[in-house]
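Now for the letters of each chain:
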Amino acid sequence: MNLLMVRHGEIPSNVKKIYAGKSPEELTARGVIQAKEVAEKLKFRNVHSIYSSPVRRALQTAEIIREQCGADLFVESAFREIELGPWEGLTEDDVARMYPEEWSIWQNMPAELKLPGRETLDELLGRVLAGIQNIHRGGHSRNIVIVTHVAVIRVLLLWHAKKSLNLYKTIHVPNAGVFEIRFETCP
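Here goes a summary of the coordinates provided.

Reading the values: the criteria
- Residues numbered from 1 in each chain as written.
- Predicted model: local features only at pLDDT ≥ 70, side-chain atom pairs only at ≥ 80, totals over all residues.
- Heavy atoms only, no water.
- Axes fitted to C-alpha atoms, helices over the stretch in contact; angles between N-to-C directions.
- Helix = DSSP H or I, 4+ residues; strand = E, 2+ residues; numbered from the N terminus.
- Parallel < 35°, antiparallel > 145°, perpendicular 65-115°, else oblique.
- Contact = heavy atoms within 4.5 Å.
- Buried < 20%, exposed > 50% of the residue type's maximum accessible area, 1.4 Å probe, protein only.
- Pairing = 2+ DSSP bridges.
- Right-handed = clockwise from strand over helix to strand, strands pointing away.
- Salt bridge = Lys/Arg side-chain N within 4 Å of Asp/Glu carboxyl O.
- Expected span 1.5 Å × (residues − 1).
- Phe/Tyr/Trp six-rings, centres within 6.5 Å; stacked < 30°, edge-to-face > 60°.
- Lys NZ or Arg CZ within 6 Å of the ring centre and 35° of its normal.

**Focus: the packing of helix 6 (residues 121–137) against helix 7 (residues 150–160)**
Two quantities define a packed helix pair, namely the angle between the helix axes and the distance between the axes. Close contact between helix 6 and helix 7 brings their axes to 9 Å; oriented N to C, the two are set at 85°. With respect to helix 7, the element helix 6 is oriented roughly perpendicular. From helix 6, Leu121, Leu124, Leu125, Val128, Leu129 and Ile132 reach across to helix 7, where they touch Ala151, Val152, Val155, Leu156 and Trp159.

Shown next, in the form of structure tokens:
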């Protein structure tokens, strides 16, 4: 199975460095352009299926890709944004000020962060791998596009490379970035 992991296009919260979480924000004008550019790149990749997070910004990006690729689009909650708990809707500066100990852990050892209402990186990874297994069980084994969020892409890339989730912050995932992951067998 060949996965093409795509981060959604830009939204206002990305510009303001706000933890958007489940926010129903739509793509900015720049985000729409980013989605169209990635769709153009993917249209020659023989995309079999597109799976999207149910969060609006991902769905909007996935729809733009679907228009170019002509593949079926499925919504898969396993690829939704990380549950942010009390951090959702806050800026990074607000989190650093309001949760200084937790912020320090998040910056230095992110896999160790445990905060009530907030999903850990291990929990997120488990959810994402279950989603990939569902795709595999559905018989989809060719080029699959998954439109999702930065956290989902980072944990999957680290897991696939057999690296510590504490390296989470070292992976740059730009809006509309595409990351290819090949699986010889289902995870």
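**Quick word on the environment of glutamine 34**
Assignment of secondary structure puts glutamine 34 in helix 2 (residues 29–42). With relative accessibility at 11%, the residue glutamine 34 sits in the buried group.

**As for the pairing of strand 3 (residues 72–75)**
Looking at chain direction, strand 2 (residues 47–52) and strand 3 are connected through four bridges and run parallel. Looking at the pairing, serine 49 lines up with aspartate 72 of strand 3. Taken together, strand 2, helix 3 (residues 56–69) and strand 3 form a β-α-β motif whose crossover is right-handed.

**Observations regarding the pattern of salt bridges**
Applying the stated criterion across every chain, the model contains eleven salt bridges. A salt bridge links glutamate 26 to arginine 56; its shortest N-O distance comes to 3.6 Å. In this pair, glutamate 26 is assigned in the loop between helix 1 (12–16) and helix 2 and arginine 56 in helix 3, connecting sequence segments 30 residues apart. Under the relative-accessibility criterion, glutamate 26 is labelled partly exposed at 44%. By relative accessible area, which is 35% here, arginine 56 ends up partly exposed. Arginine 57 is the partner of glutamate 81 in a salt bridge, and the nearest nitrogen-oxygen pair spans 3.6 Å. With glutamate 81 in the loop between strand 3 and helix 4 (92–98) and arginine 57 in helix 3, this residue pair connects regions lying 24 residues apart in the sequence. The buried category is assigned to glutamate 81, whose relative accessible area is 10%.

**Here's the deal with unusual backbone geometry**
With the exception of glycine, the majority of residues adopt a negative phi angle, and the majority of peptide bonds are in the trans configuration. Not every positive phi belongs to a glycine, and lysine 17 is a case in point at roughly 55°. Counting through the fold element by element, lysine 17 comes out in the loop between helix 1 and helix 2. Owing to a relative accessible area of 52%, lysine 17 belongs among the exposed residues under this scheme. Although it is not a glycine, asparagine 46 sits at a positive phi angle of roughly 55°. Secondary-structure assignment places asparagine 46 in the loop between helix 2 and strand 2.

**Quick notes on helix 3**
With 14 residues, helix 3 extends 20 Å between its outermost C-alpha atoms, agreeing within 8% with the 20 Å of an ideal straight helix rising 1.5 Å per residue. Within helix 3, the full set of buried residues consists of Arg57, Ala58, Gln60, Thr61, Ala62, Ile64, Ile65 and Cys69. Next to the buried residues of helix 3 lie strand 1 (2–7), helix 2, strand 2, strand 3 and strand 4 (143–148). Glycine 70 sits one or two residues past helix 3 and shows a positive phi near 70°.

**Overview of the sheet that holds strand 2**
To summarise the sheet geometry, strands pair through backbone hydrogen bonds and adopt either a parallel or an antiparallel arrangement. Spatially, five strands are ordered 3-2-4-1-5 in an open sheet, and the strand pairing comes out mixed. What marks the edges here is a single partner per strand, and that holds for strand 3 and strand 5 (178–182). Strand-to-strand, the axes of this sheet are offset by a mean angle of 25°, without reference to chain direction. Each of strand 1, strand 2, strand 4 and strand 5 touches helix 2; the most contacted strand, strand 1, lies at about 165° to it.

**Thoughts on the packing of aromatic side chains**
Scanning the entire structure with this criterion turns up seven aromatic pairs. Relative to tryptophan 106, the ring of tryptophan 87 has its centre 6.2 Å away and its plane inclined at 80°; by these criteria the two rings are edge-to-face. Of this pair, tryptophan 87 sits in the loop between strand 3 and helix 4 while tryptophan 106 sits in helix 5 (residues 100–108), and the two are 19 residues apart along the sequence. Across the pair, exposure class does not vary: tryptophan 87 and tryptophan 106 are buried alike. An aromatic cluster is defined as three or more aromatic residues linked by ring pairs; in this entry it consists of Tyr19, Trp87, Tyr99, Trp103, Trp106 and Tyr168. Over the aromatic face of tryptophan 87 sits the side chain of arginine 118, whose NZ or CZ is 4.7 Å from the ring centroid. Just above the ring of tyrosine 168 sits the side chain of arginine 154; from NZ or CZ to the centre is 4.7 Å.

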